[in-house]
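Secondary and tertiary structure notes
The chain contents come next:
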Amino acid sequence: MNVIHLISGGDSGGAKTHVLSLLQRLNQVGRAQLVCFRDGPFADEARELGIPTEIMGGNNIPRLCRRLKAYMAQEGFELIHCHGSRANMVGALLRRSTGLPVVSTVHSDYRLDYMGRPFSRLTFGSINAWALRNVDYRIGVSDAMVDLLISRGFPPDRFFTIYNGIDFTPAPDQGSRLPFLRQLGLQADEDSVVVGIAARLNPVKDIATLIRGFAAAAAECPRLRLVIAGEGKERERLEALTAELGIEERVCFAGWISTAQMDRFYAALDVNALTSVSETFPYALTEGARFHLATVSTAVGGIPHLIDNGVNGFLFSPGDHQALGRCLARLGTDDQLRREMGEKLYAKASTQFSIQRTVDTQLEIYRQILRRHNRPRRQRDGVVICGAYGRGNAGDDAILEAILQEMRSIDPDMPLTVLSKDPKNTRLTYRVRAIHRSNLPAWMAAMGRSQLYINGGGSLIQDVTSRRSLWYYLHNIETAKRLGCRVQMYGCGIGPITRDSHRRMAAKALNRSVDVITLREPNSLRELEEMGVTKPRILLTADPALGLSPAPDEVVDSLLLQAGIPPHGKYICFALRRWPGFDERAELFGKAADYAWRRYGLTPVFLAVENRQDPLAGRLAARKMEAPHYFLDNAGDAGKIIGALARMDLVVSMRLHALIFAAGRGMPLVGVVYDPKVSAFLRYIGKELFAELSDLTLENLTEMIDRAAAEMSRSGEEQTAAVERLRNLEQQNVEQARMLLNL
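What comes next is a walk through the structure. (Residues numbered from 1 in each chain as written. Predicted model: local features only at pLDDT ≥ 70, side-chain atom pairs only at ≥ 80, totals over all residues. Heavy atoms only, no water.)

**Overview of the pairing of strand S21 (residues 571–575)**
To be explicit about the condition: Partly exposed residues are those whose accessible area sits between 20% and 50% of the maximum for their type, while under 20% is buried and over 50% is exposed, using a 1.4 Å probe and protein chains only. A helix here means a DSSP run of H or I that spans at least four residues, while a strand means a run of E at least two residues long, and both kinds are numbered starting from the N terminus. Only when DSSP finds a minimum of two bridges between them are two strands counted as paired. Whether a crossover is right-handed comes down to one check: with the strands pointing away from the viewer, does the path from the first strand over the helix to the second run clockwise; if it does, it is right-handed.
In terms of burial, S21 is largely enclosed, as five of its five residues are buried. The alternating pattern of S21 places Tyr571, Cys573 and Ala575 and Ile572 and Phe574 on opposite faces, both of which are buried. By the bridge criterion, four bridges tie S21 to strand S22 (residues 603–607) in an arrangement that is parallel. By the bridge assignment, Cys573 is partnered in S22 with Val605. In this fold, S21 hands off to helix H22 (residues 582–600), which returns the chain to S22; that crossover is right-handed. By the bridge criterion, four bridges tie S21 to strand S24 (residues 650–653) in an arrangement that is parallel. Opposite Ala575, over in S24, you have Ser653 as the bridge partner.

**Here we look at the sheet that holds strand S2 (residues 31–36)**
To keep things clear, this is the line we draw: Structural elements are reduced to axes, namely lines fitted to C-alpha atoms, with helices fitted over the stretch in contact, and the angle between N-to-C directions of any two is expressed from 0 to 180 degrees. Every residue pair with non-hydrogen atoms within 4.5 Å of one another is taken to be in contact.
Taken in spatial order, the seven strands make up an open sheet running S3-S2-S1-S4-S5-S6-S7, and their pairing is parallel. The open sheet has two free edges, formed respectively by strand S3 (53–55) and strand S7 (159–161), since each of these has just one partner strand. Neighbouring strand axes in the sheet, compared pairwise and without regard to direction, differ in orientation by 25° on average. The pairing of strand S1 (residues 2–7) with S2 spans six bridges and is classified as parallel. When the bridges of S2 are listed, Val3 appears paired with Ala32. The strands touched by helix H6 (residues 143–151) within the sheet are strand S5 (102–106), strand S6 (137–140) and S7, with S7 carrying the most contacts at an inclination of about 160°. Where helix H14 (residues 355–373) meets the sheet, it contacts S1, strand S4 (79–83), S5, S6 and S7, and its direction lies at approximately 165° from that of S7.

**Observations regarding the environment of Glu406**
Relative to the assigned elements, Glu406 resides in helix H15 (residues 394–410). Taking relative accessible area as the criterion, Glu406 reaches 6% and is therefore assigned buried. Separated by 329 residues in sequence, Glu406 and Glu735 have C-alpha atoms that sit 9.7 Å apart. Here Glu406 is in contact with Tyr490, Pro544, Glu730, Gln731 and Val734, once residues within four sequence places are set aside.

**Quick look at the pattern of salt bridges**
Selection criterion: For this analysis, a salt bridge means a side-chain nitrogen from Lys or Arg found within 4 Å of a carboxyl oxygen belonging to Asp or Glu.
Scanning the model with the defined rule gives 40 salt bridges in all. Of the charged contacts, one joins Arg47 and Asp39 as a salt bridge, the two residues approaching to 3.3 Å between their closest N and O atoms. The class for Arg47 is partly exposed, based on a relative accessible area of 37%. A salt bridge links Lys624 to Glu587; the nearest nitrogen and oxygen atoms lie 3.7 Å apart. Of the two residues, Lys624 sits in the loop between helix H23 (614–622) and strand S23 (630–632) while Glu587 sits in helix H22, which places them 37 residues apart along the sequence. A cluster of three or more residues bridged by salt bridges with shared partners is formed by Asp191, Arg223, Asp335 and Arg338.

**Side note on the sheet that holds strand S20 (residues 537–540)**
If you trace the seven strands from one edge of the open sheet to the other, you get S16-S15-S14-S17-S18-S19-S20, paired in parallel fashion. Each edge of the open sheet is held by one strand with a lone partner, namely strand S16 (433–436) and S20. Taken over all neighbouring pairs, the strand axes of this sheet differ in orientation by 20° on average, direction set aside. Relative to strand S18 (residues 486–494), strand S17 (residues 452–461) runs parallel, the two sharing seven bridges. Within S18, the residue paired with Ile454 across the bridge is Gln488. Relative to the sheet, helix H16 (residues 423–430) contacts strand S15 (416–420) and S16, its axis offset from that of S16 by approximately 165°. The sheet contacts of helix H18 (residues 467–482) involve strand S14 (383–386), S15, S17 and S18, and relative to S17 the element is tilted by about 165°.

**As for the side chain of Asp614**
Positionally, Asp614 belongs in helix H23. Classification of Asp614 by relative accessible area gives buried; the value is 3%. Sequence-distant contacts of Asp614, that is, excluding residues within four places in its chain, are made with Leu576, Arg577, Ala608, Val609 and Arg655.

**Section: the packing of aromatic side chains**
Here is the rule we go by: To pair, rings of Phe, Tyr and Trp, with the six-membered ring standing in for Trp, must have centres within 6.5 Å; the planes then decide the type, stacked if under 30 degrees apart, edge-to-face if over 60, and tilted in the middle. Criterion for a charge above a ring: Lys NZ or Arg CZ within 6 Å of the ring centre, and within 35 degrees of the ring normal.
Inspection of the entire model under this criterion finds 16 aromatic pairs. A centroid spacing of 6.4 Å and a plane angle of 80° characterise the contact between Tyr571 and Tyr630, whose relative ring orientation is edge-to-face. Here the residue Tyr571 occupies a position in strand S21, and Tyr630 occupies one in strand S23, the gap between them amounting to 59 residues. For the ring pair Tyr595 and Tyr600, a centre distance of 6.5 Å and an interplane angle of 80° mean the geometry is edge-to-face. Given the relative accessible area of 17%, Tyr595 is considered buried. Counting every residue linked through ring pairs, the aromatic cluster contains Tyr163, Phe281 and Phe353. We note Arg138 situated over the ring of Phe159; from NZ or CZ to the ring centre the distance is 5.7 Å. Over the aromatic face of Phe631 sits the side chain of Arg619, whose NZ or CZ is 4.1 Å from the ring centroid.

**Considerations on the packing of helix H21 (residues 553–562) against helix H24 (residues 638–646)**
The criterion, for reference: Any angle that is under 35 degrees is reported as roughly parallel, and any over 145 degrees as roughly antiparallel; angles of 65 to 115 degrees are reported as roughly perpendicular and all others as oblique. Here the nonpolar group is Ala, Val, Leu, Ile, Met, Phe, Trp, Tyr, Cys and Pro; Asp, Glu, Lys and Arg are the charged ones; every other residue, Gly included, is treated as polar.
It is the contact of H21 with H24, at a shortest axis distance of 9 Å, that shows an interaxial angle of 80°. With respect to H24, the axis of H21 lies roughly perpendicular. Across from Val555, Val556, Leu559 and Leu560 in H21, the residues of H24 making contact are Lys640, Gly643 and Ala644. Among the residues forming the contact of H21 with H24, the class breakdown is five nonpolar, one polar and one charged.

**Things to note about H6**
Rules: An arc is given here, and it is the one of the directions from the helix axis to the C-beta atoms.
Within the span of H6, buried status applies to Asp143, Met145, Val146, Leu149 and Ile150. On an axial view of H6, the arc spanned by its buried residues comes to 160°, and they lie on one face. Against the buried residues of H6 lie S5, S6, S7 and H16. At the exit of H6 stands Gly153, carrying a positive phi of roughly 100°.

**Here's the deal with the environment of Leu656**
Secondary-structure assignment places Leu656 in helix H25 (residues 656–664). In this structure, the C-alpha to C-alpha distance between Leu656 and Gln379, residues 277 residues apart in sequence, is 40 Å. Apart from the residues lying within four places of it in its own chain, the contact partners of Leu656 are Arg520, Lys677, Val678 and Phe681.

**Structural notes on the nonpolar core**
Short version of the rule: Only buried Ala, Val, Leu, Ile, Met, Phe, Trp, Tyr and Cys residues count toward a nonpolar core, and they belong to the same one when joined by side-chain atoms within 4.5 Å.
Counting 78 residues, the largest nonpolar core has Leu576, Phe582, Phe589, Leu632, Leu650, Val652 and Leu701 as the members making the most contacts within it. For Leu650, the contacting residues outside a window of four places in its chain are Tyr571, Ile572, Cys573, Leu602, Pro668, Val670, Ile705, Ala708 and Ala709. Val195, Ile207, Leu241 and Leu324 belong to the second largest nonpolar core, which has 36 residues in total.

**Considerations on the packing of H6 against H16**
What counts, and what does not: Put simply, a crossing is left-handed when the front helix is turned counterclockwise from the back one by less than a right angle, and right-handed when it is turned clockwise.
Interaxial distance between H6 and H16 falls to 10 Å at its minimum, and their mutual angle equals 150°. When the axis of H6 is compared with that of H16, the two are roughly antiparallel. Where H6 crosses over H16, the handedness of that crossing is right-handed. Across from Asp147, Ile150 and Ser151 in H6, the residues of H16 making contact are Lys424, Arg427 and Leu428.

Here's what the structure looks like:
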C-alpha cells in the first residue's frame, strides 16, 4: 500500500504523537511517505524514526499543488492522507486533478482550533471547514469526534473512527518511588496513595475541579496525596485554591516533567486522574493504563470507550468535584479495588488501544477506501430501508440495526438510506444516510437511485394502532416499485388488519408491488392467505433481531452497576408494557416477583425496552412489593439490552423484542400477550408458556414461572440447538435480499 501523508510540519501534542507513531509502523508493512510544508522539529523527529520525509514549502498554493501532483504521479501513490488545515486544503484541491481518494484525520474540533485568534479563525478556519467538506473521507480520533461532525451535516457514511494507541511493552523497573516524589516536592511516605495528573494548566483541563474533589476525598482519607505535572497560566490561581482549601501540604505542583521522566511519573502513582471538560482520546489515560493505574476521569470525548464506569475505572461529569471526591475517597480507602481496577484497565487498554491495534485499524480503513474508490459505477445502487424507526423503541431500532448489519454482510460498501422519524439520531447511531419519513422528495430521490426497497421488519402492515401508518407503508411500497426498486418485506409480521376495505387495499398493493415477503411467524402467513396475497414469493423465516449480539461483558457490567444492580446475581426480569388493561393487573406482576424471590431466590429486575413509557409500567407493578428489586430504565441500544437479559435467569415479558432477544440467548421465557404477534412468535419457536393479559391471574402467572424455572437446568446443548435453528431461519431473510440485489 502506497500512501502519501500531508501535514504542515508544525504540529505538537497528541496529533504529533499520533502521526509519527502511526507512520513509523505503517512503513514496516508498506510505504507511508510524509510530506511536510515546513522543516523543523517535527520533520527532524520523523527522520530520526526512519519515516521517509520530504519538505515542500512555500505559500504559492497553485505551484505547490502542481509539484505535489507530479510527485504523486511519479511515485505511484494510491491514496492521499491529510492531517491539519493546510493539508486538508491542499488535499481538497488535488482531489479531482489526481483522481486519488483523499482522507483527512480530524484530530480536533475545527471550530475551536483558532480560539482567541479571530482573524485566523475567519480565514484559515473557514478554509479548513470548506476543505473538510470537500475531501472524500474523514477519520475521527474518537467516536465522539465523528458524532460531532455528523451532527454538523457531514455525510455519515463517509466516516471512520480510529483511537490513539500506544506501545504497551512493559517499561523497565523504575525503582523506589519515594525519592522521585520527594524530588518533585511531594510529602509522601510508603502508606500514601498518590493521585496524579499530567496536563497543561489551562481552563479546558479544569484542574480546579481535581483540587476541590481531592480536598473532599482527603478529608475522608488522609493518606491521599496529589501531584500535578504541568505548567500554564492557571498555576498561580490553582496554588491559591489549594491554600484556600488547606491542602497545600498534600499537593505538589511538579511543573513540566520531561518525556524521559514520564515513565517514572506514572510508576510513582496509585491513581491516574483527568478532569478535562473536552477531549478527543487523550494519551494520558492509556499511558496510565500501561502502568496498571486505577483511573478517574470525566466522561468526555472517546474516554467512555476505554473506561467502563465502575468496572475498570470511574467516570464523572465535567465540573462535578463532589462525584470526583467520592471516587477518589473510595480508591484511597480500598486497596484491593484500586488494584483490581488498574489490572482490568490494563487488560482492556493493552488489547484494544495498543499501537498495533491502531495500525491495523488504519490499514483496514485504507483497504475500505480503496475498495470503495474502485467500486464499479452502477446506474442503480444501494438499499432504502423503511420502518418504525427513530421513535425511541429499542425493539424497532434493533430491527433496523439487524437489517443494516445484514445488508453490510452482503456488500459492505453498498449505499444504505433509512427513512426515520428522527433522522439526526439515526445518522449518529448507525452512521448511515437518513431521511425524515415525511420528506417525500428526498425519499423518492433515494428510491430512484436504489436497487432494493426494504419494508423493514415489525408489524407495519396493520390498522390496529393507526390507519394512517398502514396507508403510509403501502404508499411507500407502491412508490418504490414505480420508481424501479425491487421490494422485499423483511422478517415481518402481518396484521391484524381489521377493516375489509383495508384488507382489499393491502392485498392489491402487495400483489402488485412486492417481490418477496419473509415472515417471522405462521400467523402472518395465514393472514396473507386469507387476504388473497399470492403474487410475491412468501417464506417463513424469523425476526432479524435474533441475529444481534450482546454488548461486551465489561459494558454490561458497567450498565448494571450504574443502575445499582450487582452484575452477577440471580435475577428474574420483567419487561412490561403499559397497555389497556395493564393498570388493573399491574399488582399481579409485583406479587409474582415476590413469589419468584421467595421460592427461587431470584431478585426482580424491571427492564424498560421503550424508555418513555415502560419505566412507569415497572413502577406500577413494584409499588407494593416486599422483595428487593431493581429498575433498569435506560439500558440503551439492543446490544446492551441483550447483554442485560443474558444476565437474567428467567424472563417474563409483554414486550415482543425482549422475548426475541431472550430467545436468541436460549433463555426460559414467560409471555404475557397483549397482541396476537406475541403468542404467534412464542408458538413458532415452540414456547407454550404464555397467557393473555386479559386472562392473567396470580395463579397462572406463578404456575408459568414455576414451569420456566424448571427449564433453568436444561442442558446447554439443547439451548444451543434451539438458538441455532432460529438463527438459520433468520438467515433466509438475508439470502432473499441477496437474490434481489443479484449479489
